[in-house]
Protein chains: 2
Amino acid sequence: MRAAFVLYPGFTALDLVGPFEVLTFVPGVTTLLVSEHGGPVTSEAPQLALADSLPLDEVPAPDLVLVPGGPGQADQMDDGPLHAWLRAADRSATWMTSVCTGSLILAAAGLLEGRRATTHWLAADQLARYGATHSDERVVVDGKYVTGAGVSAGIDLALRLTEQIAGPDAAQLRQLSIEYAPEPPYAAGSPHTAPPHVVQTLLDRKDASLSGGAA
Amino acid sequence: MRAAFVLYPGFTALDLVGPFEVLTFVPGVTTLLVSEHGGPVTSEAPQLALADSLPLDEVPAPDLVLVPGGPGQADQMDDGPLHAWLRAADRSATWMTSVCTGSLILAAAGLLEGRRATTHWLAADQLARYGATHSDERVVVDGKYVTGAGVSAGIDLALRLTEQIAGPDAAQLRQLSIEYAPEPPYAAGSPHTAPPHVVQTLLDRKDASLSGGAA
């Protein structure tokens, strides 16, 4: 199985590397990094760039596609080569997946219409613009379309995919290999459980960002 | 505060990117990627390389050092420029930290003698060789030496560091930003909770790997 991880400028590194780490060492899975033009791609943090990727047209029919999110997602919403590649991949892929705001790119390409999906909690209201229904789960499985919530949800998503691709023993081997027995220091990982003033701070930053102010 | 993330060939990507993602966006923290010679460094997965890093001698006195683990750790155990840099950094740094088998590099450089530390569960017996005492916690804090267990523990470690560096609100903001409300699909993230046959499979692979057989 060939799993293509999509890069674009301004992707969030952990969105990509979390699931990459899980899936790369699953027997039978070959992971590839792809981007519109190939070559190096800089993440949201300018000091962290991936050195190389394959151009989209060299990976025409992957079995699995994963689209990460990140601030650069906003520049990937217009139709163009990436959307065309995603639609073409969708015709033969077994799994079309995303982490965080990567689902908005899948949605803008027309792949989530009428489907349940998730995204980063700050972007949940945007899915409806593309005919998708936001589901408040950490990993949403709607047929072959599997979307994860914000950033760190990509690890949970990839373990779920590993179970589907290679079985529960393979998924547990990967979980134990990455020693994934998380101990978050706070109950702050969800807007439902974080202290209200912490939630409000991020909502305010989002509003400032959307209105062109300093985030 | 300058936080230097150490790269070497064969590092595990998630060991580095998990804590990088948390710490990069903490106000007052500047994250840097460093490696012995600078430039691009390839991870454990050959298709994933980071495009650039600073040579060690350009970052002489970081405030925080983080050493990731990975199969390449075995080639970083002899004294040399990295160990010398780690010892020099230790003299002025506020925090000396590691994820996974990165602690073995700190230990081999002489920095964990007489201290409590952790590492990947498969490597726990190796800490004693360097005078460190293995502690069975996910994140071990012994003064300014903070070590994390395997791979994914770097996220928990970085949130704990964020609390120390910038306070609990800052840590909770980062946790909510990366939507870190994990839902591991199994209780397989620790050798104490994973099914015995899953644990045994990884122990057997380790033995095969150490004896030169196919992993």
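Above: the structure in question.
These numbers come from a predicted model, not from an experiment.

1. Overview of the interface of chain A and chain B
Argument step 1. Listed by partner, the interface residues are 62 residues for chain A and 62 residues for chain B.
Argument step 2. The contact between chain A and chain B buries some 5400 Å² in all, and 65% of this surface belongs to carbon and sulfur atoms.
Argument step 3. Looking only at chain A, the three residues that lose the most surface to chain B are Leu176, Glu179 and Tyr186 of chain A, adding up to 14% of its buried area.
Argument step 4. Counting across the chain A and chain B interface gives 34 residue pairs in polar contact (both at pLDDT 80 or more).
Argument step 5. Among the secondary structure elements, those contributing two or more residues to the side of chain A that touches chain B are α1 (13-24), β2 (30-35), β4 (49-50), α4 (153-166), α5 (168-177) and α6 (196-210) of chain A.
Argument step 6. When residues of the side of chain A that touches chain B are assigned to their parent elements, the largest contribution, eight residues, is made by α5 of chain A.
Argument step 7. In terms of residue class, the side of chain A that touches chain B is made up of 35 nonpolar, 16 polar and eleven charged.

2. Observations regarding the relation of the copies chain A and chain B
Argument step 1. Least-squares fitting of chain A to chain B yields an RMSD of 0.0 Å, with the transformation described by 0.0 Å of translation along the axis and a rotation of 180 degrees. Here the transformation between the copies is reduced to the relation of a two-fold axis. Measuring from the rotation axis to each C-alpha of chain A, the shortest distance belongs to Ala51 of chain A, at 2.0 Å.
Argument step 2. Of the residues that chain A buries at the interface, 100% are likewise interface residues in chain B, meaning the two copies contact each other through the same surface.

3. Topic: the nonpolar core
Argument step 1. Grouped together as the largest cluster of nonpolar side chains are 122 residues, with contacts concentrated most on Leu50, Trp85 and Leu86 of chain A together with Leu50, Trp85 and Leu86 of chain B.
Argument step 2. For Leu50 of chain A, the residues in contact, after removing those within four places along its chain, are Leu7, Phe11, Leu16, Leu33, Pro40 and Val41 of chain A together with Leu48, Ala49, Leu50 and Ala51 of chain B.

Conventions and cut-offs
- Residues numbered from 1 in each chain as written.
- Chains lettered and ligands numbered in written order.
- Predicted model: local features only at pLDDT ≥ 70, side-chain atom pairs only at ≥ 80, totals over all residues.
- Heavy atoms only, no water.
- Contact = heavy atoms within 4.5 Å.
- Buried area = accessible area lost by both parts, 1.4 Å probe.
- Polar contact = N/O pair within 3.5 Å; in protein donor to acceptor, adjacent residues only side chain to side chain.
- Helix = DSSP H or I, 4+ residues; strand = E, 2+ residues; numbered from the N terminus.
- Nonpolar A, V, L, I, M, F, W, Y, C, P; charged D, E, K, R; others polar.
- Least-squares fit on C-alpha atoms with pLDDT ≥ 70 in both.
- Core = buried A, V, L, I, M, F, W, Y, C linked by side-chain atoms within 4.5 Å.
- Buried < 20%, exposed > 50% of the residue type's maximum accessible area, 1.4 Å probe, protein only.

Honestly, that's just the spatial picture; any functional story needs more than this.
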